[in-house]
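# Analysis of the macromolecular model
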Amino acid sequence: MKTNKNLSLPFFILHPELRLKIMVQRSFEATIKPMKNIFLILILIGILYLFSAPNLSAQSDTLRPLPVDTSALRPNNEPPEKENQMIDSEEDLFKKGEAPMTIYEESEKEINAKLVGIARNYIGVSGSVALPEGRYASSRFDDNAGFAATGFSVNIEGAWLLLRNAGLGFSLLYNQNAIDKGAYIAGVQERLGGKAVGSITHKSWQNYAFLLGPTVSLPEDYLSFDLRVLFGVLATQAPTVTYNGSINGQLLTDTKEGATGIGFAYNIGASLSYPLPGRKYRVFMKADYLGSHPEIAFTHTTQSKFFNSSNQIKYNQAVSNFIIGLGLRHEFGYAKGFSDNRGLFY
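Residues numbered from 1 in each chain as written. Predicted model: local features only at pLDDT ≥ 70, side-chain atom pairs only at ≥ 80, totals over all residues. Heavy atoms only, no water.

Moving on, we come to the overall build of the protein chain. The helix and strand inventory of the protein chain stands at eight helices and 13 strands. Taking all 346 residues of the protein chain together, 43% fall into the buried category. Restricting the contact set of the protein chain to residue pairs at least 6 apart, pairs at least 24 apart contribute 73%. Within the structure as shown, the protein chain displays about 18,700 Å² of accessible surface, and the carbon and sulfur contribution to it stands at 61%. (Helix = DSSP H or I, 4+ residues; strand = E, 2+ residues; numbered from the N terminus. Buried < 20%, exposed > 50% of the residue type's maximum accessible area, 1.4 Å probe, protein only. Contact = heavy atoms within 4.5 Å. Areas by Shrake-Rupley, 256 points an atom, 1.4 Å probe, with all protein chains shown as cover.)

Structure follows, in structure tokens:
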């Protein structure tokens, strides 16, 4: 969260609670935001693992029985023409799945054990911390600032597998971010030029999003790593914020009227899950980045004893949150034509 570094000493003396709030907020962000680097590393590991995983069909196509000399198995005085009556040919053995193996070949069971498991369809719910990013968290009025503070997010998400480990994912999301009071008062002081003394009343940012896109799921013996890139639409409700106080001793009211906007949205995310007993449910932790730039028309009004002004400003408001949370999901079925090939799951 960006805050105005030029806040005067009298400002903090008059508002000690804002000073404490800003100090706590900075400590919190210094702890949470480095987790973004871990999130990016997890995505990179998942992509590398995906492309390095062996392919079952490619390997199984190369399995062919090697020539076997059956003469040593023939009884001493048995005529050669009766050999086929006692021992199946290599072709028959291969058709039965009993082809002789050598030390240079692996059985299909052994190969399957080395492969990533087959993913399952799932649907789940999650709750998360929503950390505002960029201009959405900015405290400068001339930067199309959102003055958003740390909030929360709830999500319904899932995936329908179309291939062995890939399919179509979806996300239905609601998130809320309050207004950073200290940053907003500092912004009013910067915009109007002078020492601001007063308070604000406000509601919170509210965002609704629906997104679809490709997802990859890589289950192992227990853990499952999931990657997704989703696209869709986000609707936002910007809050009305009213400042009542004074600038350099002059009483005034400054109001930024809330408005709604709709825009294209995208979500890049990863999650790591672990099965519960019975293996129909998994708990998971997730990290997502949600971004959008809906167009919003704000009305800004300033009223005092000596002057009144009102103007409407329309621009694309950045709405972006880094989301970290926990959830529970229910798994069911496989992609058409697939089933668990290793016997490790269900």
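Bridging between strand E6 (residues 224–237) and strand E9 (residues 260–275) involves 14 bridges; their strand directions are antiparallel. Following the sheet pairing, Phe-225 is matched in E9 by Leu-272. Pairing between E9 and strand E10 (residues 281–292): eleven bridges, direction antiparallel. Note on E10: the bridge partner recorded for Ile-268 is Tyr-289. (Pairing = 2+ DSSP bridges.)

Each regular strand shows side chains that alternate between the opposite faces of the sheet. Of the pairings in the sheet, the one linking strand E1 (residues 121–132) to strand E2 (residues 151–161) comprises nine bridges and is antiparallel in character. Looking across to E2, one finds that Ser-128 is bridged to Ser-153. Pairing analysis gives ten bridges linking E2 to strand E3 (residues 166–177), with the strands arranged antiparallel. Residue pairing for E3: Glu-157 is matched across the bridge by Ser-171.

When pLDDT is averaged along the protein chain, the result is 76; 63% of the residues meet or exceed 70. Residue range residues 1–14 is modelled with pLDDT below 50. Its contacts to residues more than four positions away, or to other chains, number 33 contacts. Scored below 50 in pLDDT, residues 341–346 shows 28 contacts in the model against residues more than four places distant or in partner chains. (pLDDT = per-residue confidence, 0-100.)

This next bit is on the packing of aromatic side chains. All told, the structure shown has nine aromatic pairs when counted by the stated rule. Note on Phe-147 and Tyr-184: the rings are 4.9 Å apart at their centroids and 65° apart in plane angle, and the pair reads as edge-to-face. With Phe-147 in the loop between E1 and E2 and Tyr-184 in helix H8 (residues 181–192), the pair connects residues that are 37 residues apart, well separated along the chain. Like Tyr-184, Phe-147 is buried. Taken together, Phe-152, Tyr-174 and Tyr-208 form an aromatic cluster joined through their ring pairs. For the cation-ring pair, Arg-120 lies above Tyr-334, with the distance from its terminal atom to the ring centre recorded as 4.9 Å. (Phe/Tyr/Trp six-rings, centres within 6.5 Å; stacked < 30°, edge-to-face > 60°. Lys NZ or Arg CZ within 6 Å of the ring centre and 35° of its normal.)

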